[in-house]
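Observations on chain architecture
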Amino acid sequence: MPAPAIGQMLATTLYGRRFFPFYTFNIVGGLDENGEGCVFSYDAIGCFERLKYTASGSGQALVEPFLDNLVAYKNTDKKPTVDRTCEETLELIKDIFASAGERDIYTGDFVDIYVIQKTGTRYEQFALKKD
């Protein structure tokens with residue numbers, strides 16, 4: 001099932017509970033019908049938006065500036081010269097979460113990372129707390 005279909009299904013489920021919401025702020029990521037990556041961000045009652053990247057949770061205020069600077073190159077003269085490989089992107093994500101985990105005690109002890117590609121899905125658990 002393509003990610004936009006799953007995204008719409010989640011929006012319908014959340015909206016159906018709008019008078020007694022779950023109070024979850026979800027993110028759905030995956031591939032669309034064209035094989036392109038897509039990310040959907042939700043509010044508590046199911047309103048959603050397709051974005052290139054997003055963050056949610058207690059570390060959102062720490063993660064979003066990193067993403068703005070290192071992914072979208074906002075507020076900088078540095079522009080990307082080449083696309084990142086999957087491994088470079090994975091290392092960037094680990095660095096961002098490690099930074100957020102050091103500064104926000106509610107971020108958690110580890111990050112579940114799912115790498116979704118046309119060839120399949122790969123799972124990795126990245127530990128944030130080394131103590």
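Being a predicted model, the structure only gives us computed values, none of them experimental. (Residues numbered from 1 in each chain as written. Predicted model: local features only at pLDDT ≥ 70, side-chain atom pairs only at ≥ 80, totals over all residues. Heavy atoms only, no water.)

1. Section: the sheet that holds strand S1 (residues 27-31)
Spatial strand order, S1-S2-S3: three strands in an open sheet with antiparallel pairing. The sheet terminates laterally at S1 and strand S3 (48-51), the two strands that pair on one side only. Going across the sheet, the axis of each strand differs from the next one's by a mean of 25 degrees, ignoring polarity. The sheet contact formed by strand S2 (residues 37-42) and S3 spans four bridges and is antiparallel. Counted as the bridge partner of Val39 is Leu51 from S3. (Pairing = 2+ DSSP bridges. Helix = DSSP H or I, 4+ residues; strand = E, 2+ residues; numbered from the N terminus. Axes fitted to C-alpha atoms, helices over the stretch in contact; angles between N-to-C directions.)

2. Some remarks on a nonpolar patch on the surface
On the surface, Met1, Ile6 and Met9 cluster together into a nonpolar patch covering about 330 Å² of accessible area. As for its position among the elements, Met1 is in the segment before helix H1 (3-16). (Patch = residues over 30% accessible without salt bridge, like charges linked within 9 Å, V, L, I, M, F, W, Y side chains within 5 Å. Areas by Shrake-Rupley, 256 points an atom, 1.4 Å probe, with all protein chains shown as cover. Salt bridge = Lys/Arg side-chain N within 4 Å of Asp/Glu carboxyl O.)

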